[in-house]
Each structure stands twice: as C-alpha cells, then as structure tokens.
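Residue strings, one per chain:
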Protein chains: 4
Amino acid sequence: MASPMILLLRPHSDTRQWVARDHYAVWPGLPIAEYTDMYGNRCQRLLAPAGSFHLEACSDVQVPSGVEQAPGAPFVEVQDLPAETLMYLAPSRYCESDRLGGLASEITGDCLPGYDQVHAISAWIRRTLAYRAESDPTPVSAVEALNRGDGVCRDFAHLGIALCRSLSIPARMIVGYLHGLEPMDLHAWFEAFVGGRWYVFDPTRATLGGARVCLGHGRDAADVPVFTQFGPPVIPSCMKVSVEEIAGSQH
Amino acid sequence: MASPMILLLRPHSDTRQWVARDHYAVWPGLPIAEYTDMYGNRCQRLLAPAGSFHLEACSDVQVPSGVEQAPGAPFVEVQDLPAETLMYLAPSRYCESDRLGGLASEITGDCLPGYDQVHAISAWIRRTLAYRAESDPTPVSAVEALNRGDGVCRDFAHLGIALCRSLSIPARMIVGYLHGLEPMDLHAWFEAFVGGRWYVFDPTRATLGGARVCLGHGRDAADVPVFTQFGPPVIPSCMKVSVEEIAGSQH
Amino acid sequence: MASPMILLLRPHSDTRQWVARDHYAVWPGLPIAEYTDMYGNRCQRLLAPAGSFHLEACSDVQVPSGVEQAPGAPFVEVQDLPAETLMYLAPSRYCESDRLGGLASEITGDCLPGYDQVHAISAWIRRTLAYRAESDPTPVSAVEALNRGDGVCRDFAHLGIALCRSLSIPARMIVGYLHGLEPMDLHAWFEAFVGGRWYVFDPTRATLGGARVCLGHGRDAADVPVFTQFGPPVIPSCMKVSVEEIAGSQH
Amino acid sequence: MASPMILLLRPHSDTRQWVARDHYAVWPGLPIAEYTDMYGNRCQRLLAPAGSFHLEACSDVQVPSGVEQAPGAPFVEVQDLPAETLMYLAPSRYCESDRLGGLASEITGDCLPGYDQVHAISAWIRRTLAYRAESDPTPVSAVEALNRGDGVCRDFAHLGIALCRSLSIPARMIVGYLHGLEPMDLHAWFEAFVGGRWYVFDPTRATLGGARVCLGHGRDAADVPVFTQFGPPVIPSCMKVSVEEIAGSQH
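Each value, and the rule that gives it
Residues numbered from 1 in each chain as written. Chains lettered and ligands numbered in written order. Predicted model: local features only at pLDDT ≥ 70, side-chain atom pairs only at ≥ 80, totals over all residues. Heavy atoms only, no water. Contact = heavy atoms within 4.5 Å. Buried area = accessible area lost by both parts, 1.4 Å probe. Salt bridge = Lys/Arg side-chain N within 4 Å of Asp/Glu carboxyl O. Least-squares fit on C-alpha atoms with pLDDT ≥ 70 in both. Axes fitted to C-alpha atoms, helices over the stretch in contact; angles between N-to-C directions. Helix = DSSP H or I, 4+ residues; strand = E, 2+ residues; numbered from the N terminus. Left-handed = near helix turned anticlockwise from the far one by under 90°. Buried < 20%, exposed > 50% of the residue type's maximum accessible area, 1.4 Å probe, protein only.

**Quick word on the interface of chain B and chain A**
Thinking step 1. The partner chain A presents 33 residues to the 33 residues of chain B that form the contact.
Thinking step 2. Here chain B meets chain A over a buried area of about 2600 Å², counting both sides, of which 55% is carbon and sulfur.
Thinking step 3. Taken together, the links from chain B to chain A amount to six salt bridges.
Thinking step 4. A salt bridge links E144 of chain B to R99 of chain A; the shortest N-O distance between them is 2.9 Å.

**Considerations on the relation of the copies chain C and chain B**
Thinking step 1. Mapping chain C onto chain B calls for a rotation angle of 180 degrees and an axial translation of 0.0 Å; the resulting RMSD is 0.0 Å. Both chain copies can therefore be described as sitting about a two-fold axis. The position closest to the rotation axis in chain C is occupied by the C-alpha of D22 of chain C, lying 2.5 Å away.
Thinking step 2. A symmetric contact is evident, with 100% of the interface residues of chain C recurring at the interface of chain B.

**A few points about the packing of helix α2 (residues 115–128) of chain D against helix α4 (residues 153–166) of chain D**
For any two helices packed against each other, the geometry is given by the interaxial angle and the distance between the axes.
Residues and elements named next belong to chain D.
Thinking step 1. For the pair α2 and α4, the least separation of the axes is 10 Å and the interaxial angle reads 145 degrees. Crossing angle aside, the handedness with which α2 passes α4 is right-handed. Each of V118, I121, W124, I125 and R126 in α2 lies in contact with α4, whose residues at this interface are F156, L159, G160, L163 and C164.

**Describing the arrangement of the chains**
Thinking step 1. The two partners chain A and chain C share no contact, and the minimum distance between any of their C-alpha atoms is 10 Å.
Thinking step 2. Between chain B and chain D there is no contact; the minimum C-alpha to C-alpha separation amounts to 10 Å.

**Let's talk about the pattern of salt bridges**
Residue and element names in this part refer to chain A.
Thinking step 1. On inspection of all chains with the given rule, the structure shows 52 salt bridges over all chains.
Thinking step 2. R21 is the partner of D60 in a salt bridge, and the nearest nitrogen-oxygen pair spans 3.6 Å. Taken together, the positions of D60 in strand β5 (residues 54–62) and R21 in strand β2 (residues 18–27) put the pair 39 residues apart, joining distant regions of the chain.
Thinking step 3. The class for D60 is partly exposed, based on a relative accessible area of 25%.

So this is what it looks like as structure tokens:
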C-alpha cells in the first residue's frame, strides 16, 4: 500500500548559506511536489509506493566555517522582541517550557541575562545528560529526556530550547548537517534570540566549531519534517549521510 | 514591576464573521501595539504596570446562528491535502497525537473515514470525560486529561484534536465566545478538515448550536495567547465575559 | 445591477497606531467579508446593490501628534536593504521611476544621499506643481502629472515615490487621514526608506505636522483600494470625511 | 565601481515543476544571498564587481510536455474570486488596464465570458501586433506597444494581461523557458484566472505546445527581476540561453 510522505531533505539558499549545486532523485520515478511551510522551509511531498524505493539528495552548499559567538550579548525584554520571534516563546510538543522554569533559574542563577544564560544552559545539558547513540523509535520530549537522564542530539536541543523559553528567551530547533560529525548523521541543534539576533548553540558538542548546513527550522522536531510518513510504516532499510568538504570551496 | 503581556481579545472580520463595532480600552492608559501572528490572529502587546490595571474589550460581531454539519463528508488523503493544512497534522504541545493512534482507531473503528470519525471522537470524549468547572492553573495536555478522566473545554478540544491528527485528519484549536454558554466564559472548541473544508466540532456540548465568535485559532492553546503573561505573575482579580444577542442582528 | 466592490476604509492597529474604537455600517444590510492583502492592509469586499446604498466607517485612533524627521539620515545601499523593502524599488502603475532618473539627479544634485535627497524631492514637487482641488476621474501617473504641471495629493505622492525609486530609495504610498486638513478629505502622502527605517514625506504640505491615521499602504494608488469598483460604475452621490481630535486623547 | 543586482535565474520546485538538478555559479566568486519575494519567487542578490563577471545557471526540470486548455471555462465573478487573485485585477506599471476597457470589450464582444475571452484576446494580439526580434533597451508598456503596433514577447504578454484585467479577469506575467523556441531565449507569457484556476496563454505563439519552465511570476515585468541592476549600468557582453530535452526525462 502506498504511503504519503513529507520530507525536508533539500537545503535552500538564504542569507546564511548558498546552495551552488543540488541534486534530488527518487527511484522508481514518481511525482514529487514542493511547498514552503510557515517557517520558510522547503518540504517535499510524495506518495511512496509499496515495496522499496530509493531517494538521494545531494547538495554543494557554501557556508561559513564556524558560527559567531557573543558572550555578554544581552537579554531582549519581551516587549522589545520582534513580533516574528514571539512564537518561539511558547511551549511546543517536545519543549515543555511551561514545566521547567525552576530548573532554568537554578542553572543560570548567576549569569548575565542573555547569551550567557543560554551558554550556561547548553553546558549544563552537556554535563548532565548522557549521550545516547541510538534514538528512540518514538521521539521523547525535553522533560522525558531530562527524567531519563540521556538522549540524542534532538533531545539535547529540545531541552535547551525548553529551558531558554522558560526564561522568556526565544529559541528554535535547527536540523541539518555538521561537517566533521562522528559518526556522520543528520544533526540537530538550536538557536536562541539574544542581543537582537539568533545565535547557534549545540549542547551535544564541546565546541561550536564546524561548518553547518541548515535543512530546516521550527519550534521543535514536530515542525521540521525531515522524514514524516503517514499510514502504514515505511521502514528505512538503509540511510546514509555523508558530508565532505569541497576543496577550495570556502571563501 | 511591570509585566509584558500578549493578549488575543479582539475578534477580527474575515469571511466568516463581521465585526461591526469594536471597543478596546485599558486603564491606566498605556501603549498597546498590535501584530498579526503566523495564523493571522491579531494579538495585542503591552507592558502591564505594577499594581492593578483594567482592560475592556467589547465587539458587535455578525455571525451565522449555527454551524454547518456534513455527515459523510469524506476523509482527504494526505497527499491531496492543501499545503496550508499540513501543519495541523503534527503533534503540538498539548495534543500528543503521536501517542494516541491506537485509541483513535478503537473509537472510530466502524466509521466512514472523515466527518463521521471526527463526530465519533467528539461524542466519545463527551461521554468519557467528566466536565470540570474549574481549569487548572497550569494547562494539562490531552494525554494528561485523558489519564485523569476530566477536563475543561480546552482539554476536551485538545483531546479531540490529538485523536483526529493521529488519524491523519488536520485539526486545529479555536478560542472564542459561544452565545448561550452557561456560565458565560471564554470557550474553546476545535475544527477538523474533512471533505475539503474545515468543520466545527465541540466535544463539551451536546449540540453544535449557538452563534460562535472566533477570537483566534492555532495548533493548540499554546498558539492562541488569549492571555499570556511573562515575568512575575499577574493575578486576574476579576474577569467577566458576557455575550448578548443584539436585537435585529443579521443572521 | 449589483456591483462588486473592494474598500479599504478601516484603519487597523499596528505598532504605529492604536484603534481604540471602531464602527462600520452599511445600509441596506448586506454581507461583507474582510481579507488581508499582500501589504497587510485589511480590505472589505461586498456586492453593492443596484440603487443607492450608504456606508459609514468611523474610528477612534490614537496616533502621535507629529512625525519624526531625520535630516542627514543616510542612503542605504541596495545590497544592504532588508529584502522586504526591495519591491518598493520597482516602477509601478502610477510611478514610472524608470523614466525619471535624470530629473531626480538634477533635483538632488548637491544633497547628502538619503533623507536630504527625499526632502529636496518633496520640496521641489511642492514648489513646481500647482495644487489642483479636484482630482481627475481617471487617475494620472507621475509622469503625466509632471507634464501637466499640476495634481492632487495622490499625484504629488506618486511623483515623490517615482523620483525616490529612480535614485534606488525604496518609497511607498500611504492613504489615510490628516488631522487639520482643509477641506477635510482622504489624503495621500508617501514614505521613503532611509537611515534604516521608513520616514513620512508629504509633498502637498508645507510642514509634516498633524496627526496622521494610515488606512493602507502599497506601491501606489493601484495597490490601495480605498474605493475600487468593478462593472457598471457606482456614482458616489455624496462622500463626507471628517477628522476630529478627541479631548484628552493620548499623544 | 560595484553594482548591486537582483536576479531571478533559478527555477524552484512547486506543484507544477520539479527541479531534479540545479547548478548556479559566478566567477569571480562573490557572496550571493537568496530571498523569497512576495510572490514566492526565489531571487538572488549580489554586488557585481567592476569589470566583467560570469554567471551560469543550469537546471534539470521535470514539467508536463504541454499545457491544459479549457474552452468554455467560465468567468469568475469578482465577488467570488479567491482573495489572493485580487491583486492581479489592478493595473500595474506596464499593464494599464485602466485605459483599455473599450478595446477589450470590442475584441471579446461575442465571446462566452471567461476562457474564450482570454483566448480571443490572445489571438487578437498575435494577429494585430508585429513581432519584433529585438527588445527595446527601455521596456515599453502595453499601451505604448499597442500604439506602436509591434513588440517582443514581454509586450505581447503585457497587452494580454492589461486587456484581461480591464474585463475583471485576474491575469499575471510568467517569465521562463519554452522548449523549442527559435531562436532560444528567455520567454514571457501570461496566465489568466478563469473557471477557478490559472490557465496559460501565450500571444506570441500560434499554439500553446511545448514544455514550459517558470522562473518567476508577478503582476508584470517590473515584478519579475530576471536581471535587475542598480547604479552604473552593467552591459551584458554575452547572454546565452539554451533549453534541451533530457532523453527519457518525461514521465
């Protein structure tokens, strides 16, 4: 039986990344349509046939080799936040910020409000949760991961987001590729809005180094349909992710 | 200390309701700004002063006296859904549709896919959950309400939404006013997308009768900030809602 | 025969103006729907009946008593303009900026690029064109008004917009009310994007003084459908505009 | 001196076309950013260096081999048009629909309102205007092309759009590639909204045959910045367009 799918496997150019080359193929050939969701992500829709099918998405993307950091960047008062960031203050499926206010205050107690709070949250998560190699078949939420004491990159990001929001700092999920990740796979991290712009934080990594390609962003993993499938389950028999540096590609 | 707030207390005209007259006032006078969120809701932002303040929003709205029903309206296959309805398939903060698939199938087992499934879900909720007069200070989710066995209108709506989505039926939260509600208060219900359009369902009510004014809609209560407050809690010392029929109003 | 109409007669709240009270009525009663156009304007649609009909729109709007001015505010290089301002660089129906480059350079020859150029353009228009009391039944364009040597406020605004755009300064049309205008009527002026934000300019007025309520904005009058009618012409037998200051209104 | 540019040279996937492979390069290497305009077009921004530079955009796009036609498809009354089509009723820079009502009625006098009117307009343009091989350095408008009696594909499209809008039929400009065009170049045609959807019309072609790839759409050429340049003019020393069929590409 055919199975409808929504995918988010094609990075798009914006002001932060430039897709110089792009290739997306499906066997057997079948109709694919693309639409832009409410976050500006470019999602692909298709009806996966019964039996096996293959999908390959490959892009050459020019990105900076690292991310900007801004210790001391100040907290933006809620009344001064740009209207388009306000939705990232609300709790979402996997980020129960309405249940974590006490913990966030404890973690960030003596930090300067803003960037330093988010940095402290990110470091605390890395210190406190054990990293799991295998993700759960069913995603768990920030509170569930916290209670269990471990998680994958997605869970670490969810917890970071939930803790930020509980302090009235807008925070959002990013799913994409990180150059140099070992073993290579899709990766998830988050961004927080402090000092008037979004900054990258990655609680599963000791440093923020490495070129990052964004596939999509949203309030949490429920909004970033990298691979969403409806009806009878599709079993990915094999998924390979590789990220390589192109010689001379960086300006 | 002042407290930033986001409110959603002003119905706006669209193709379904016409605001003929509108009045919105705050004492003491303070700056208010309005913005449109990603759902098209018109939200008000203000910085509530320390101490008490008063807010009054009053509108004359022309709406149909009842809602359309469509027994038999068919399920729309995911691949045929309009792109803008797809976000209402994903789980959200208070609607853990990813945990309720089994229950939804059980409830709707012998229904025609589509409107009749949603109707069965709505009736099942009404039959199964006890209605609570008082809402919790902290909102609970669909699964939490289900486990507890009772809830307010918001919880009934969340559960309806979550069960629909688990069947791949887009469903969204509506917050507004229902004429004739006893005791009068803000009310919450939901809409499901079947047969090519959105239909109203209200699991707290035996019938769908009564004129309904929509204040806002979204994926769940987290997206419909009727009264959201940041920082030190603002205690509503008194909240009065009244809905009256205007003589000779147009139906 | 009935005649479809699009109207833009209802100011809406945003960060610059607050609609405290609002009233909109039509006799005989007929269905009206409201939609938001691509600029965020709230437009009303209705099917005007054959014969005469009456329409009244009335609002209490809180606005600042004057507009900000910023002599010296610098020109923003095209490559640094926010993406959402770029559409205001293109020529439009009544603003043939592609034909006015030479004139704009002449007028602004020795000005500091930016605010001062727009100010010089505005002053030049006021000095050069004669003000007409009566508007043409068919709108004329900036170039046509320039050739004829006179125009109404709409034409003055169109010419200001066209000249700005020919210098790569984003400029847009505003239609609304100006307190103290003699005789009172709907008014049109324009905004230019310099120094990182939009500033008001009004080439029909010696000063920028006076409280201004915005009904709508767009690239030119073709985009601001204050009163657009399709099919057999509707003859406004009488149109009255009044603007009054409310005692004790907030500034 | 460097020259800011906006380009629209990269087709994107949607429900009507699928970009399977894509390549976009600039020499010398320089930063490019992409943004989505108000029509959903993906535009590229860059600062072209002084001296010469090279740009190459190349895509494999899967499209139907022809376009749908619908003789008899009815006119949609203005009051029934979807809100998002209404902007395509207004006159625009190169489509002075407000000046062409009489001519449009004459051309379509005995046609069934709707598709047949647009077809008659398209045929009339092809019959009446001489096709020019070379476009003007400065674009002319529909009325100017009509008065002169000739034009390029862009002018034919503008005139078709203007005539449709004067009959209250929404019409929009499409710029893209047409397989088999001789000599190959960028092409422009238009779409009209009749019978509840957009249909393709191409007044420069005897038939609608041929695979069409859309680069962008808008109200007229001013909105579709295939190649827009600000400041000192950039002289394209050479522009090559080629469109080839990929063997076995069509499903």
